[in-house]
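Understanding the architecture of this molecule
As a plain string of letters, each chain reads:
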Amino acid sequence: MMWERVRMKSTLIICSGLPYSGKSWLLAQLRETEGFAEVSLVTMDEVRVALYGDSPDGNITMTEHVFKNQWLRYEILKRFVLGAPAVLTEAVMLTRRLHQRPMVALVKEASQYVATIEREAAVRDERAAELHSVELRVILCFASPQAVHARIDGSQEERVRSHASVHNLKSMRLAYDRFEFPNRSTYVPLYLDTSAGVNADNLEEVCAFIQGAPIDLQKNLTQKKAALDSFHQLHADIQSAN
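I will try to describe carefully the structure that is included in this document. (Residues numbered from 1 in each chain as written. Predicted model: local features only at pLDDT ≥ 70, side-chain atom pairs only at ≥ 80, totals over all residues. Heavy atoms only, no water.)

Section: the packing of aromatic side chains
For the structure shown, the criterion picks out seven aromatic pairs. An angle of 50° between the planes, with centres 5.8 Å apart, marks the rings of Phe67 and Trp71 as tilted. Taken together, the positions of Phe67 and Trp71, both in helix α3 (residues 62–81) and four residues apart, correspond to about one turn of that helix. When its relative accessible area of 31% is taken as the criterion, Trp71 is described as partly exposed. One aromatic cluster is present, formed by Tyr176, Phe179, Phe181, Tyr191 and Phe231 through successive ring pairs. (Phe/Tyr/Trp six-rings, centres within 6.5 Å; stacked < 30°, edge-to-face > 60°. Helix = DSSP H or I, 4+ residues; strand = E, 2+ residues; numbered from the N terminus. Buried < 20%, exposed > 50% of the residue type's maximum accessible area, 1.4 Å probe, protein only.)

Okay, here's the thing in structure tokens:
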């Protein structure tokens with residue numbers, strides 16, 4: 001897959017989902033996909049380290065988390081202003097007010113910037129201006145309760161050693177208590193079941209979605225229902241563990 005702008009269209013790609021949903025797995029797979037070498041990567045980890053050094057997430061206050069998300073959005077905006085055809089990032093997209101709607105607003109702001117820059121450049125270069133915009137593509141990863149439990153068991157010691165704030169069921173409670181699935185009026189994500197990993201078929205589906213192919217609405221609704229069922233079961237498991 002090659003990144004060629006269509007009428008100067010740029011794309012923000014977000015691998016989203018709760019802890020252990022497989023979003024990091026998907027991001028790693030996308031980075032190895034042909035054509036993604038040109039995609040500008042912005043990770044929450046690099047933003048956290050730039051702001052707070054080696055301090056683990058568990059030591060960062062709520063307000064500092066809010067600022068970290070603002071800084072992530074600024075980094076994304078900067079990449080588009082500097083000419084990136086696509087930006088790839090990983091984010092939980094936890095709540096509608098603090099995470100999802102601000103990201104949509106960022107895409108609108110980025111579109112205004114790149115469109116204005118293109119018009120001004122066209123005047124400077126004495127040529128016709130092309131239409132330029134930024135589009136949002138969100139992949140919402142989820143996994144079955146059985147898969148999430150297995151991932152916790154398989155990575156708990158490593159995550160404890162690395163001072164990760166989420167490393168077992170109890171530590172997932174805050175995220176699950178606050179998480180909101182996006183409203184259709186905000187954006188429609190591609191729901192991706194990673195219970196069996198990220199294979200060639202669902203990676204092809206993700207790449208087609210990123211490139212602008214329409215979503216199979218019936219399949220996406222089925223996947224959304226599966227994501228909701230998994231969420232409610234895991235939320236019950238987490239409450240029992242606390």
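Once you've had a look at it, read on.
Here we look at the pattern of salt bridges
Going through the model one piece at a time under the given rule, you end up with 12 salt bridges. Its salt-bridge partner being Arg79, residue Glu75 comes within 3.7 Å of it at the nearest N-O pair. Of this pair, Glu75 and Arg79 both sit in helix α3, separated by four residues, roughly a single helical turn. Residue Glu75 shares its accessibility class with Arg79, and that shared class is buried. Its salt-bridge partner being Lys225, residue Asp229 comes within 3.1 Å of it at the nearest N-O pair. Within this pair, Asp229 and its partner Lys225 are both found in helix α8 (residues 217–241), separated by four residues, close to a single helical turn. A single salt-bridge network, built from bridges that share partners, covers Glu46, Glu75, Lys78 and Arg79. (Salt bridge = Lys/Arg side-chain N within 4 Å of Asp/Glu carboxyl O.)

Points about the packing of helix α2 (residues 44–52) against α3
Relative to each other, α2 and α3 sit at 115°, their axes nearing to 10 Å. Crossing of α2 against α3: the hand is right-handed. Contacts between α2 and α3 pair Met44, Glu46, Val47, Arg48, Leu51 and Tyr52 from the former with Glu64, Phe67, Lys68, Asn69, Trp71, Leu72 and Arg79 from the latter. Broken down by class, the residue content of the contact of α2 with α3 amounts to seven nonpolar, one polar and five charged. (Axes fitted to C-alpha atoms, helices over the stretch in contact; angles between N-to-C directions. Left-handed = near helix turned anticlockwise from the far one by under 90°. Contact = heavy atoms within 4.5 Å. Nonpolar A, V, L, I, M, F, W, Y, C, P; charged D, E, K, R; others polar.)

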